[in-house]
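Residue strings, one per chain:
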Amino acid sequence: MKTPTKSALTFTLLFIFSCSSSANVDEDFLQCLFEKSHNISHLVYTPQNSLFPSALLTTAWNLRYTTPSTPKPQVIINPEHESQIPPIILCARENDMEIRTRSGGHDFEGRSFVSEVPFVIIDMINLSQVTVDAEAKTAWAGTGATLGILYYRIAEKSQTLAFPAGFCPTVGVGGHISGGGFGTLFRKYGFAADNVIDARIVDVNGRILDRKSMGEDLFWAIRGGGGDSFGVILSFKVQLVDVPEKVTVFNIHKTLQQNATQLIHHWQYIAPKFEKDLNLFIFLGRTSFLTGVNSSQDGRNISLGASFRSLFLGRVDRLLSLMQERFPEFGLVREDCTEMSWIQSVLYFEGIPLESPEILLNRTITKTYVKVKSNYVQSPIPSKGIEGIWRFYYEKEGETSDMLFYPYGGRMAEIPESETPYPHRKSLYSLSHLVFWEEEEAQNTEKYLNWSSRIYNYLTPYVENSPRASYLNYKDLDLGVNNPTGKTSYAQASVWGRKYFKNNFDRLIRVKTDVDPKNFFRSEQSIPPLDSRICDVNPMHDRGYRAPIDICVGQAPPNMATIVKNGGWSKTPLSSLECFTNHGLHCQAWRPPTLPPMCL
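In short, a report on the structure. (Residues numbered from 1 in each chain as written. Predicted model: local features only at pLDDT ≥ 70, side-chain atom pairs only at ≥ 80, totals over all residues. Heavy atoms only, no water.)

**Side note on the packing of aromatic side chains**
Then, in step 1: Overall, the coordinates contain 41 aromatic pairs when judged by the stated rule.
Then, in step 2: Centre to centre, the rings of Y471 and Y474 are 5.1 Å apart; their planes meet at 70°, and the pair counts as edge-to-face.
Then, in step 3: The class for Y474 is buried, based on a relative accessible area of 12%.
Then, in step 4: Their ring planes at 70° and their centres at 4.9 Å tell us that F520 and F521 sit as a pair that is edge-to-face. We note that F520, like F521, is buried.
Then, in step 5: Of note, R111 hangs over the ring of Y65, and the distance from its end group to the ring centre comes to 5.0 Å.
Then, in step 6: One Lys or Arg, R309, reaches over the ring of F283 and ends 4.1 Å from the middle of that ring. (Phe/Tyr/Trp six-rings, centres within 6.5 Å; stacked < 30°, edge-to-face > 60°. Buried < 20%, exposed > 50% of the residue type's maximum accessible area, 1.4 Å probe, protein only. Lys NZ or Arg CZ within 6 Å of the ring centre and 35° of its normal.)

Right, here's the structure in full:
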């Protein structure tokens, strides 16, 4: 292949800048890119390009981050082949530009297309191929594919194979799986990330790695720890799961007058103990929002209730028998239930006509203003606690809001918390609340955000608090953020990191330090590396010992030091060392207090 001449590169740059000498874009980055990657200029969009707004906003779901004041990228690139991505990373590194990788655009906090510092968006939309091997029960999915595309391609090959991932068909595979990913099948088969068997990723040095070449630590990290901290994930190989030819679904709304409070209260005790084939989850809110049936809006006669929705991996007769035995007060009858194929159940829960599966291939999203917060429940909430939730939904902001109850147990309870970065497996259920508002309410955004925070605060006595637990894919920047530039301490990142990952946060830190020590792949809630330094957890000591990087992963008590493995020690004056972090690391083993308490 011929290398482009300097004049050809100059012409390309002038074309992209549209003859504007004051273009707000990093010309050195583009010069570098076109030298390293040929035949890519038609995939590059800058603010001077008429297609730039469309390239930026087509898959930007949350309208909170599409305002004129929202920071925009210097460049958007839609690669068509994985070989085009390493030059983007290398040139961004050379020019001090951050990378944002977007697969579906559903990031609740817009972090896949927003940054406070100069940045480049790699939009994976063209890397959306899905290849299904029905005989081997596996599939390779490009991270630019949506869940809908993945589900459709599986159903093309088999009506009795599925993949345990999320509800919304326009969510991108890359972000969903790398953050965990749950849906109707998770009580039977675990999270999406639990069913990944290989992956391809571009690392900070521009190398394309698979599971074997990346190593098990990095492979562990990208299955629930968020891929954007470690590289650009190209594709996942997933294990498909068996489903029966017919499943049974229902969606039954119970109002307050129909004992919704009592049913929710009892649900907490039985839903996590149901057999794995049954997932009975709840949406709480206004009847009008949950069912589409209008209710009085005068503030006194607003109808509130809970929609009980279920997927059962079996026929209706068995489901009726099970519900009569375990939840008779719910009153499920045959007329409430419908048998269908698994792929039809995907359509059913999204309100898509069952005869139109091709809609799953449509990437068009309904944009909205949205805020989400998530929690995990370890003990049933008392009836009075549930009653207190309802009052929020009488308020104006509750009109287009819902609270989601997803029962755990089943397969989730069998998987160790350290199996992947996602640790919240022993919960009774997850409890999340979302609030939506339209563009005409944009001036009231703070009211909606405050409403969401008030519910979050109300739930404090009833949810896991050691620490407060949250789900990475329901990203919430209120939990804490990294510094936009410079270094972020372990202690600062732990504020939000332990809420998402609990003790798995320490292993993620170690993986990050190994694969991206200079923290090129960074964002407001990316995993930061430890600095290559030592920390004395007791300021009374003035000398320390240099040690391997993986020594410390626990909390050292006063006057004690920690080691996980011996070897590589050298006595060094503390004044010549710098601290990895401040005092608060979690360690697995202690060494005698006669030696200075040094911690990595």
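**Regarding the sheet that holds strand β9 (residues 208-209)**
Then, in step 1: Spatial ordering of the open sheet is given by β5-β6-β10-β8-β9, a layout of five strands whose pairing is antiparallel. Two strands close off the open sheet at either side, each with one partner strand: β5 (130-133) and β9.
Then, in step 2: Across six bridges, strand β8 (residues 196-202) lies against strand β10 (residues 232-239) in antiparallel orientation. When the bridges of β10 are listed, A199 appears paired with F236.
Then, in step 3: In the packing of helix α5 (residues 147-157) onto the sheet, contacts are made with β5 and β6 (138-142), and the angle to β5 comes to roughly 35°. (Pairing = 2+ DSSP bridges. Helix = DSSP H or I, 4+ residues; strand = E, 2+ residues; numbered from the N terminus. Contact = heavy atoms within 4.5 Å. Axes fitted to C-alpha atoms, helices over the stretch in contact; angles between N-to-C directions.)

**Things to note about the environment of L304**
Then, in step 1: Looking at the secondary structure, you find L304 in strand β14 (residues 304-312).
Then, in step 2: Note on L304: relative accessible area 1%, which makes it buried.
Then, in step 3: When the C-alpha atoms of L304 and Y393 are compared, they prove to be 7.5 Å apart, with 89 residues separating the residues in sequence.
Then, in step 4: Those residues in contact with L304 that lie beyond four places of it in its chain are T255, L256, G285, R286, T287, W390, Y393 and Y394.

**Topic: the sheet that holds strand β18 (residues 429-437)**
Then, in step 1: Read across the sheet, seven strands follow the order β15-β12-β14-β13-β17-β18-β16 without closing on themselves; strand pairing throughout is antiparallel. In this open sheet, the two strands that pair with only one neighbour each are β15 (338-340) and β16 (369-377). This sheet shows a mean twist of 20° between the axes of neighbouring strands, independent of strand direction.
Then, in step 2: Two strands pair when backbone bridges link them, and strand β12 (residues 247-255) and β15 are joined in this way by three bridges, in the antiparallel orientation. Following the sheet pairing, V247 is matched in β15 by M340.

**Points about the pattern of salt bridges**
Then, in step 1: Enumeration over the complete set of coordinates arrives at 33 salt bridges.
Then, in step 2: Taking the shortest distance from any N to any O, the salt bridge between R64 and E109 comes out at 3.7 Å. Of this pair, R64 sits in the loop between α3 (52-57) and β2 (75-77) while E109 sits in the loop between β3 (98-102) and β4 (119-123), and the two are 45 residues apart along the sequence.
Then, in step 3: Taking relative accessible area as the criterion, R64 reaches 16% and is therefore assigned buried.
Then, in step 4: Between E524 and R111 there is a salt bridge; the shortest N-O distance is 2.9 Å. A residue pair is termed long-range when its members are at least 10 positions apart, and E524 in the loop between α18 (504-515) and β19 (535-536) and R111 in the loop between β3 and β4 qualify at 413 residues. In terms of burial, E524 and R111 fall into one category: buried.
Then, in step 5: Counted as one network, the salt bridges with shared partners bring together R64, E109, K371, K373, D476 and D478. (Salt bridge = Lys/Arg side-chain N within 4 Å of Asp/Glu carboxyl O.)

**Considerations on the pairing of strand β13 (residues 278-286)**
Moving residue by residue along a regular strand, the side chains alternate between the two faces of the sheet.
Then, in step 1: Within β13, nine of the nine residues are buried, which leaves the element mostly enclosed by the surrounding structure.
Then, in step 2: Bridging between β13 and β14 involves nine bridges; their strand directions are antiparallel. Bridge pairing links R286 to L304 in β14.

**Some words on the side chain of H176**
Then, in step 1: Structurally, H176 can be placed in helix α6 (residues 173-178).
Then, in step 2: For H176, a relative accessible area of 8% puts it in the buried group.
Then, in step 3: Excluding residues within four positions of it along the chain, H176 makes contact with L147, A165, G166, V171, G181, F182, A192 and N473.

**Some words on the packing of helix α2 (residues 27-36) against helix α4 (residues 85-94)**
Then, in step 1: Following both chains from N to C, one finds α2 and α4 inclined at 145°, their axes separated by 9 Å at the closest point. Considering only the axes of α2 and α4, their crossing is right-handed. Here F29, C32, L33 and K36 of α2 lie close against α4, whose contacting residues are P87, I88, C91, A92 and E94. (Left-handed = near helix turned anticlockwise from the far one by under 90°.)

**Comments concerning helix α12 (residues 316-326)**
Then, in step 1: Turning to α12, its buried residues are V316, L319, L320, L322 and M323. Along the long axis of α12, the arc covered by the buried residues comes to 165°, so they all point the same way. Seen from the open side of α12, the exposed residues pointing more than 90 degrees away from its buried face are Q324 and E325.
Then, in step 2: On its buried face, α12 is in contact with β12, β13, β14 and β15. (Arc of directions from axis to C-beta.)

**Structural notes on the environment of R334**
Then, in step 1: Relative to the assigned elements, R334 resides in the loop between α12 and β15.
Then, in step 2: On the basis of relative accessibility, which here comes to 43%, the residue R334 falls in the partly exposed class.
Then, in step 3: Separated by 84 residues in the primary sequence, R334 and F250 have C-alpha atoms spaced 9.8 Å apart.
Then, in step 4: The contact partners of R334, leaving out residues within four places of it in the chain, are V316, D317 and L320.
Then, in step 5: In this structure the side chain of R334 is engaged in a polar contact, spanning 2.4 Å, whose partner is the side chain of D317. (Polar contact = N/O pair within 3.5 Å; in protein donor to acceptor, adjacent residues only side chain to side chain.)

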